[in-house]
Amino acid sequence: MRPQTQHTTLASLASTLLLLPSLTHAISLDCANIIADKIKFDLSPLGGVHEITDFQEFDDFSTNTTYVLNICNTLKGAATREGVKCGTSRNICGFEHILYSDGRSDPLKALPIAGYENSLGGGSKDVEINLLKSLDPETEGVRIKISGGTITEPELKKKYPASAIIDFQCYPDRTGLEGLKNDDDLDQAIESKSRRDDADDDDDKPKDGDNEGDDKPEPKTSSLTFQSFGLVDDKEGFVLRLDWKTQYACEDYKRENPGSGGGNGSGGGHWGFFTWLIIILFLCTAAYLIFGSWLNYNRYGARGWDLLPHADTIRDVPYLFNDWLRRVINTLQGSGGSRGGYAAV
């Protein structure tokens, strides 16, 4: 039974190693190499943690939901808010806060929308990439759908899949980061607005002025805008839709700006052929020396310099190089115009 157990362990280890590339792909999205219909986009400048808030008001309650996303990597610490955890390996999370008209509020609720979570031991982050032209001929850009989330609906006592659809639209005059740095201020403004009564007093007037100056222009100036979030059906589950206006979604951006970024250019962000050749030669040389030293040690009991394979040749390398260099110098001096050797009598 012991050999069989050992064989089973080795087989499970081998299968785990084979799954590692797929797990890595499931956790991270290569933003520098977004390919749709043989067209490559570099969305890596849009990486990092960003926030966008949606505020909805109803008859007797209001919802304030903050969506935290990082399309190029996992959220890590940003997936935890006020002690509520959404999953550090997620790419997109929502934090929903429900406020009632009588002053009550529900605890903050986490909405794991997209991305694979290690601790759950299952699931994957499926990514679908399509050109917006294939959906609307007049719109240029790329659509990315990221799945892998799961949202529990307590009232229905059921778990639904969740995903996010982000339309990266081509806007040559926008980087895509406009308006994103003031998201915290916007969250505070919306939350304070939801707590106010219908009648404004003197303390509320400065906040109204701030809302006129900051809250209203935000949807116009922010490149990342919220479209919708809700339950589509039992199969599709919850879907978050966002629009992201950016120059990096333009098909000819890298052609017109060859020096920017590193995803689509031939020289930036990727190692060239000679770099890989040097790395491969170095690894082959290191493997040859290590294996040869191990062989000499076990077979001949060699020590010191004798451990190295072809130790005599390696020791002679400085002298061989010195002789070769002297020969080159003599050859160059001999072709300088002065005749060497013996003169005719």
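Conventions adopted
Residues numbered from 1 in each chain as written. Predicted model: local features only at pLDDT ≥ 70, side-chain atom pairs only at ≥ 80, totals over all residues. Heavy atoms only, no water. 1 Å grid on protein atoms, 1.4 Å probe; cavity = no way out; pocket = protein on both sides within 12 Å on 5 of 7 lines; lining within 4 Å. Points joined across faces, edges and corners; volume = space filled by probe spheres on them. Helix = DSSP H or I, 4+ residues; strand = E, 2+ residues; numbered from the N terminus. Nonpolar A, V, L, I, M, F, W, Y, C, P; charged D, E, K, R; others polar. Core = buried A, V, L, I, M, F, W, Y, C linked by side-chain atoms within 4.5 Å. Buried < 20%, exposed > 50% of the residue type's maximum accessible area, 1.4 Å probe, protein only. Contact = heavy atoms within 4.5 Å. Expected span 1.5 Å × (residues − 1). Bend = angle between axes of the 7 residues up to and from the residue. Disulfide = S-S within 2.5 Å. Phe/Tyr/Trp six-rings, centres within 6.5 Å; stacked < 30°, edge-to-face > 60°. Polar contact = N/O pair within 3.5 Å; in protein donor to acceptor, adjacent residues only side chain to side chain. Pairing = 2+ DSSP bridges. Patch = residues over 30% accessible without salt bridge, like charges linked within 9 Å, V, L, I, M, F, W, Y side chains within 5 Å. Areas by Shrake-Rupley, 256 points an atom, 1.4 Å probe, with all protein chains shown as cover. Salt bridge = Lys/Arg side-chain N within 4 Å of Asp/Glu carboxyl O.

Draft legend 1. Quick peek at the layout of surface pockets. In this structure, the largest pocket occupies an estimated 550 Å³ of space. If you go around the largest pocket, you meet 21 residues; those closest to its centre are Thr-63, Glu-96, Ile-98, Lys-109 and Glu-153. Secondary-structure elements contributing two or more residues to the lining of the largest pocket are strand S3 (50–57), strand S4 (61–69), strand S7 (92–100), strand S8 (109–114), strand S10 (141–153) and strand S12 (224–233). Taken together, the residues of the lining of the largest pocket sort by class into 11 nonpolar, four polar and six charged.

Draft legend 2. Layout of the nonpolar core. Counting 38 residues, the largest nonpolar core has Leu-43, Ile-71, Ile-113, Phe-168 and Trp-244 as its most contacted members. Sorting elements by how many residues they give to this core places strand S11 (residues 158–170) first, with six residues. Each residue touching Leu-43, except ones within four places of it in the same chain, is listed here: Cys-31, Ile-34, Ile-71, Cys-72, Val-142, Ile-144, Phe-168, Tyr-248 and Ala-249.

Draft legend 3. Molecular detail of helix H7 (residues 311–334). Over its 24 residues, H7 extends 35 Å from the first C-alpha to the last, a length consistent with the 34 Å expected when each residue adds 1.5 Å. Considering bend angle alone, the principal kink of H7 is centred on Val-317 and spans about 45°; proline Pro-318 follows within four residues of it.

Draft legend 4. Spatial organisation of the state of the cysteines. Considering all chains together, one arrives at three disulfides under this definition. In this model Cys-86 forms its disulfide with Cys-93; the gap between the sulfur atoms is 2.1 Å. Between Cys-86 and Cys-93 the sulfur-sulfur dihedral comes to about -95°; the bridge is accordingly left-handed. In this pair, the class of Cys-86 matches that of Cys-93, namely buried. Between the sulfur atoms of Cys-170 and its disulfide mate Cys-250 the distance is 1.9 Å. When the S-S torsion is 95°, as for the bridge of Cys-170 with Cys-250, the disulfide is right-handed.

Draft legend 5. Region of interest: the packing of aromatic side chains. In this structure the tally under the stated criterion is nine aromatic pairs. An angle of 80° between the planes, with centres 5.8 Å apart, marks the rings of Tyr-160 and Phe-238 as edge-to-face. Separated by 78 residues along the polypeptide, Tyr-160 in strand S11 and Phe-238 in strand S13 (residues 237–246) bring together distant segments of the chain. A ring pair is formed by Phe-168 and Trp-244, whose centres lie 5.5 Å apart and whose planes are at 20°; its orientation type is stacked. On the criterion of sequence distance, the pair formed by Phe-168 in strand S11 and Trp-244 in strand S13 is long-range, its members being 76 residues apart. For Phe-168, a relative accessible area of 1% gives the class buried.

Draft legend 6. Local environment of the environment of Tyr-100. With respect to the helices and strands, Tyr-100 occurs in strand S7. Overall, the relative accessible area of 25% leaves Tyr-100 in the partly exposed class. A C-alpha to C-alpha distance of 9.3 Å links Tyr-100 and Asp-59, two positions 41 residues apart in sequence. If we ignore the near neighbours within four places in the chain, the residues touching Tyr-100 are Asp-60, Phe-61, Ser-105 and Asp-106. Here the side chain of Tyr-100 touches Asp-106 through a polar contact of 2.8 Å, side chain to side chain.

Draft legend 7. Representation of the side chain of Thr-53 within the structure. Within the secondary structure layout, Thr-53 lies in strand S3. Relative accessible area serves as the criterion here: at 12%, Thr-53 is assigned to the buried category. At 3.5 Å, the side chain of Thr-53 and the side chain of Thr-66 are in polar contact.

Draft legend 8. Region of interest: the pairing of S11. Of all the 13 residues making up S11, 10 are buried; the element is thus mostly covered by neighbouring parts of the structure. Relative to S11, S10 runs antiparallel, the two sharing 11 bridges. Looking at S11, one finds that Gly-149 is bridged to Ala-162. Bridge analysis of S11 against S13 gives nine bridges, and the strand direction is parallel. Looking across to S13, one finds that Ser-163 is bridged to Val-239.

Draft legend 9. Inspection of helix H6 (residues 273–300) at higher detail. Taking 1.5 Å per residue, 28 residues should reach 40 Å; H6 reaches 40 Å between its end C-alpha atoms and fits that length. Among the residues of H6, Gly-292, Ser-293 and Asn-296 are the ones counted as buried. Of the residues one or two after H6, Gly-301 is the one with positive phi, at around 65°.

Draft legend 10. Geometry of a nonpolar patch on the surface. Together, Tyr-288, Leu-289, Trp-305, Ile-314 and Val-317 give the surface a local cluster of nonpolar side chains, amounting to about 450 Å² of exposed area. Among the elements of the structure, H6 and H7 are those that each provide at least two residues to the nonpolar patch. Residue position: Ile-314 is located in helix H7.

Draft legend 11. Molecular detail of unusual backbone geometry. Look at Lys-38: it is not a glycine, yet its phi comes out positive at around 65°. Summarising the element assignment, Lys-38 is placed in the loop between strand S1 (34–36) and strand S2 (39–41). Positive phi outside glycine occurs at Glu-82, with the angle close to 55°. In this fold, Glu-82 is placed in the loop between strand S5 (80–81) and strand S6 (84–85). With a relative accessible area of 71%, Glu-82 lands in the exposed category.

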